[in-house]
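Structural overview for review
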Amino acid sequence: SNNFGKFESKVWLSSPTMHGPEIEYVKEVFDEYPILLLDDVMSELDQYRRKQLVGFINDKVQTFITVNDRQLIPEFDSNQYFKIEQGSLCEDSYG
C-alpha cells in the first residue's frame, strides 16, 4: 500500500533533455502535462534561451525551477515564488 494519494496519477519527470515533442507526447498518453523539475538550469542558459524555455512552459506545464538568482527567471503573470526559511517552504512575494 502507498500513501501517494492524489499524486499517484501524476507523471513526475525531471529530465533536462525533455523538450517540446516529449512533453506533448506525455500529454497525449496521460491526458495531462507532466510536472517539470528544473534544478538550476537557468544559470546554464543565456537570456534568450531562458525566455524561450519559460515561454514554452508558461501557462501550460506546471514547473518547479530552483535558482540562486531570481533575476534569471523571465517574469510572467503566472509565476509564483517560494523560499525555504528556517527549514520551511514559504510563499515569497516578488518585487
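Preceding this paragraph is the structure being described.
Values in this document were obtained by computation on a predicted structure and should not be read as measured data. (Residues numbered from 1 in each chain as written. Predicted model: local features only at pLDDT ≥ 70, side-chain atom pairs only at ≥ 80, totals over all residues. Heavy atoms only, no water.)

Observations concerning the overall build of the protein
Rules: Numbering goes from the N terminus for both helices and strands, where a helix is a DSSP run of H or I of at least four residues and a strand is a run of E of at least two. Buried, partly exposed and exposed residues are distinguished by accessible area as a fraction of the type maximum, computed with a 1.4 Å probe on protein chains only: under 20%, between the cut-offs, and over 50%, respectively. Residue contacts are counted whenever heavy atoms from the two residues lie within 4.5 Å of one another. Surface accessibility in these figures is a Shrake-Rupley result with a 1.4 Å probe; residues are shielded only by whichever protein chains are displayed.
In terms of helices and strands, the protein carries two helices and five strands. Classification of the 95 residues of the protein by burial places 21% in the buried group. The contacts in the protein between residues at least 6 apart in sequence include a share of 36% that link residues at least 24 apart. Surface accessibility of the protein: about 7400 Å² in total, with carbon and sulfur atoms responsible for 49%.

With respect to the side chain of Arg-50
Operational definition: For the charge count, each Lys or Arg is scored as positive and each Asp or Glu as negative, with His and the chain ends excluded. One side-chain nitrogen of Lys or Arg within 4 Å of one carboxyl oxygen of Asp or Glu is enough to make a salt bridge. For the purposes of these results, a polar contact is taken to be a pair of N or O atoms within 3.5 Å, where, inside protein, one atom must be able to donate a hydrogen and its partner to accept one; residues adjacent in sequence count only when each atom of the pair is a side-chain atom.
Looking at where Arg-50 falls in the secondary structure, it is placed in helix H2 (residues 47-57). The side chain of Arg-50 is buried and forms no salt bridge, while Asp-46, the nearest opposite charge, is found at 6.5 Å. Here the side chain of Arg-50 touches Leu-72 through a polar contact of 3.1 Å, landing on its backbone oxygen. Ignoring sequence-local partners within four residues, the contact set of Arg-50 consists of Met-42, Leu-45, Leu-72 and Pro-74.

Topic: the layout of surface pockets
Heads up, the condition is: Cavity and pocket criteria rest on a 1 Å grid covering protein atoms alone: a 1.4 Å probe that fits but cannot get out defines a cavity, protein on both sides within 12 Å along at least 5 of 7 lines defines an open pocket, and an atom within 4 Å of a point defines a lining residue. Grid points are joined across faces, edges and corners, and a volume is the space filled by probe spheres set on the points.
Reported here for the largest pocket is a volume of approximately 810 Å³. Along the walls of the largest pocket sit 25 residues, with Thr-63, Phe-64, Ile-65, Gln-80 and Phe-82 positioned nearest its centre. Broken down by secondary-structure element, the contributors of at least two residues to the lining of the largest pocket are H2, strand S3 (63-66) and strand S4 (82-85). Broken down by element, the residue count for the lining of the largest pocket peaks at four residues, all from S3.

A word on the packing of aromatic side chains
Definition in use: Aromatic rings from Phe, Tyr and Trp, with only the six-membered ring used for Trp, were paired whenever their centres fell within 6.5 Å, and each pair was classed as stacked if the ring planes differed by under 30 degrees, edge-to-face if by over 60, and tilted otherwise. Each ring is checked for a lysine NZ or an arginine CZ that lies within 6 Å of its centre and within 35 degrees of its normal; such an atom marks a charge sitting over the ring.
On inspection of all chains with the given rule, the structure shows zero aromatic pairs. A cation over an aromatic ring shows up here: Lys-27 above the ring of Tyr-33, its NZ or CZ 5.6 Å from the ring centre. Directly above the ring of Tyr-81 sits Arg-70, whose terminal nitrogen or CZ lies 4.9 Å from the centroid.

Side note on the side chain of Asp-92
Along the polypeptide, Asp-92 turns up in the segment after strand S5 (88-91). Polar side-chain contacts of Asp-92 include one of 3.1 Å to the side chain of Arg-70. In this view, Asp-92 contacts Arg-70, Tyr-81, Phe-82 and Lys-83; residues no more than four positions away in its chain are not counted.

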